[in-house]
Amino acid sequence: MGNEDHILEIGRVNERVMRRSVFNHLTVKRPEVLIHLGVGEDCSAIEAGDDEAFVFTIDPMAGAVDEVGKIAFQIAANDVAAAGAKMIGLLVDIALPIGSKESDLRRIISDISTLSEHYNVEVLAGDTIVTDAVNKPLLSVTGVGKANRDELLAPSGLSPGDELVITKWIGLEGTAILASEKRDFLKERLPADIVNAAFDFSELMNVMPESEIAREVGVSAMHDVTEGGIFGALWEMGVASGVGFEVDINKIPVRQETIEICEVFDINPYMLMSSGSMLIGTPKGNLLVDMLESAGIHASVIGYVIEGADRIVRNGLDKRYLEPSRSDELYKVLNKA
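Residues numbered from 1 in each chain as written. Predicted model: local features only at pLDDT ≥ 70, side-chain atom pairs only at ≥ 80, totals over all residues. Heavy atoms only, no water.

In this section: the packing of helix 6 (residues 192-199) against helix 9 (residues 256-265). Between helix 6 and helix 9, the shortest axis-to-axis distance is 9 Å and the interhelical angle comes to 110 degrees. Judged by the angle between their axes, helix 6 and helix 9 are roughly perpendicular. Where helix 6 abuts helix 9, its residues Ile194, Ala197 and Ala198 lie against Glu257, Glu260 and Ile261. Class assignment for the residues of the contact of helix 6 with helix 9 results in four nonpolar, no polar and two charged. (Axes fitted to C-alpha atoms, helices over the stretch in contact; angles between N-to-C directions. Helix = DSSP H or I, 4+ residues; strand = E, 2+ residues; numbered from the N terminus. Parallel < 35°, antiparallel > 145°, perpendicular 65-115°, else oblique. Contact = heavy atoms within 4.5 Å. Nonpolar A, V, L, I, M, F, W, Y, C, P; charged D, E, K, R; others polar.)

Membership of the largest hydrophobic core comes to 52 residues, with the highest contact counts inside it found for Phe73, Met87, Leu90 and Leu139. Considering each element in turn, this core owes the most residues, nine residues, to helix 2 (residues 65-82). In this structure, Leu139 is in contact with Asp59, Pro60, Met61, Val68, Gly69, Ala72, Val92, Asp93, Ile94, Ile108 and Ile112, ignoring residues within four places of it in sequence. Membership of the second largest hydrophobic core comes to 24 residues, among which are Ala221, Phe231, Ile302 and Val313. (Core = buried A, V, L, I, M, F, W, Y, C linked by side-chain atoms within 4.5 Å. Buried < 20%, exposed > 50% of the residue type's maximum accessible area, 1.4 Å probe, protein only.)

So, on to helix 2. The terminal C-alpha atoms of helix 2 lie 27 Å apart, and with 18 residues this matches the ideal 26 Å at 1.5 Å per residue to within 8%. Burial analysis of helix 2 places 16 of its 18 residues in the buried class, which makes it a mostly covered element. Just past helix 2, the residue Gly84 takes up positive phi, approximately 85 degrees. (Expected span 1.5 Å × (residues − 1).)

Secondary-structure assignment places Glu246 in strand 9 (residues 244-248). Under the relative-accessibility criterion, Glu246 is labelled buried at 15%. A polar contact of 2.9 Å, which involves the side chain of Glu246, links it to the side chain of Arg314. Sequence-distant contacts of Glu246, defined by excluding residues within four places in its chain, comprise Ile302, Gly303, Tyr304, Ile306, Ile312 and Arg314. (Polar contact = N/O pair within 3.5 Å; in protein donor to acceptor, adjacent residues only side chain to side chain.)

With that settled, consider the pairing of strand 7 (residues 163-167). The element strand 7 is extensively covered by neighbouring structure, given that four of its five residues are classed as buried. The sheet contact formed by strand 7 and strand 10 (residues 278-282) spans four bridges and is antiparallel. Paired with Leu164 across the bridge in strand 10 is Gly281. In this sheet, strand 11 (residues 299-306) lies alongside strand 7 in antiparallel orientation, the contact comprising five bridges. The residue bridging Glu163 from the neighbouring strand is Tyr304, located in strand 11. (Pairing = 2+ DSSP bridges.)

As a further point, take the packing of helix 2 against helix 3 (residues 102-119). Look at helix 2 against helix 3: their axes get within 8 Å of each other, and the N-to-C directions meet at 30 degrees. Between helix 2 and helix 3 the crossing geometry is right-handed. In this structure, helix 2 uses Val65, Asp66, Val68, Gly69, Lys70, Phe73 and Gln74 to contact helix 3, whose residues at the interface are Asp104, Arg107, Ile108, Asp111, Ile112, Leu115, Ser116 and Tyr119. Here the residues of the contact of helix 2 with helix 3 sort into seven nonpolar, three polar and five charged. (Left-handed = near helix turned anticlockwise from the far one by under 90°.)

Counting buried residues in strand 10 gives five out of five residues, a clear majority hidden from the surface. Bridge analysis of strand 8 (residues 221-224) against strand 10 gives four bridges, and the strand direction is antiparallel. Directly across from Met222, in strand 10, lies its bridge partner Ile280.

Quick look at helix 7 (residues 208-217) now. Buried within helix 7 are the following residues: Met208, Glu210, Ser211, Ile213, Ala214 and Val217. Tucked into the core, helix 7 has its buried residues touching helix 2, helix 3, strand 7, strand 8, strand 10 and helix 10 (285-294). Where helix 7 ends, the next residue or the one after it, Gly218, has phi of about 115 degrees, a positive value.

Now for the sheet that holds strand 7. Strand order across the open sheet formed by seven strands is 8-10-7-11-9-12-13, with mixed pairing between neighbours. With one partner strand each, in any of the chains shown, strand 8 and strand 13 (318-321) form the two edges of the open sheet. Strand-to-strand twist of the sheet, defined as the mean angle between neighbouring strand axes without regard to direction, takes the value 25 degrees. Packing against the sheet, helix 8 (residues 229-241) makes contact with strand 7, strand 8, strand 9, strand 10, strand 12 (311-315) and strand 13, and its axis sits at approximately 145 degrees to strand 8.

So, to be careful, I would describe these as geometric facts and stop short of saying anything about function.
Below is the structure:
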């Protein structure tokens, strides 16, 4: 078994391969590191003096010129927010395909600059290349945050009895990307107002406000729902915390635009990139939902944490057991000929 050498699927490498070929080979654990590399851990944290910590996350993002800068910034900011920190800096590496124009680079930087000014985040460093290794803009964004040590959070913090809250709606990120990448195709099959509304979902991807409200109410863990969708995020939090859960699929919020677009491409919205939704474990689920709704942020209690390793999704009287997340549904569409 130790000599397995499988072809890797497109998208995030699965948990089993990560354990076998990555985590098992990275053995150094420094004492000043407070959050270590692991399944479901989007950030690492390093102590900074007696009471503070620096938080780091890194995310790749490929996409069209008019979306990639905004989405890459928000994904990094969301991961930092989920760790209980405030983002203070950003490092950005940009790889552009051959034939790119200066205006393409300017558009990407303009989108990042607009968000960095809005959130008071400094762009600290980066590099830009043009290469035949990519066929669309590819950004690698490192977010740097700062937090009080006693306010740090990790996806491994769930405890039996916690309620699971989801903010906004699942599938926002994947829906926005599909509406951008496949706009003409979709407008031939769906009303234009549905496609246009879906394209604007990129404006809903900031989860920093719900992170702040959740920390005020009291939370055990938070996780930005990204690749693999809500099913992937639930699995990662369960594995990281060593717990199970029961969720009701009918309580998971999803926009009609996402449903319509997923039906066009015959993909599962519960396994679609969902940055913009925060999955939160808390002993005060209903109170948190009330506080979020009062702030204009849609939220729902979708289930609860249990002892053991059963990770159950109910649909009426039917139930299914979640399995480790696979390649995100988005790639089934973007990589078709």
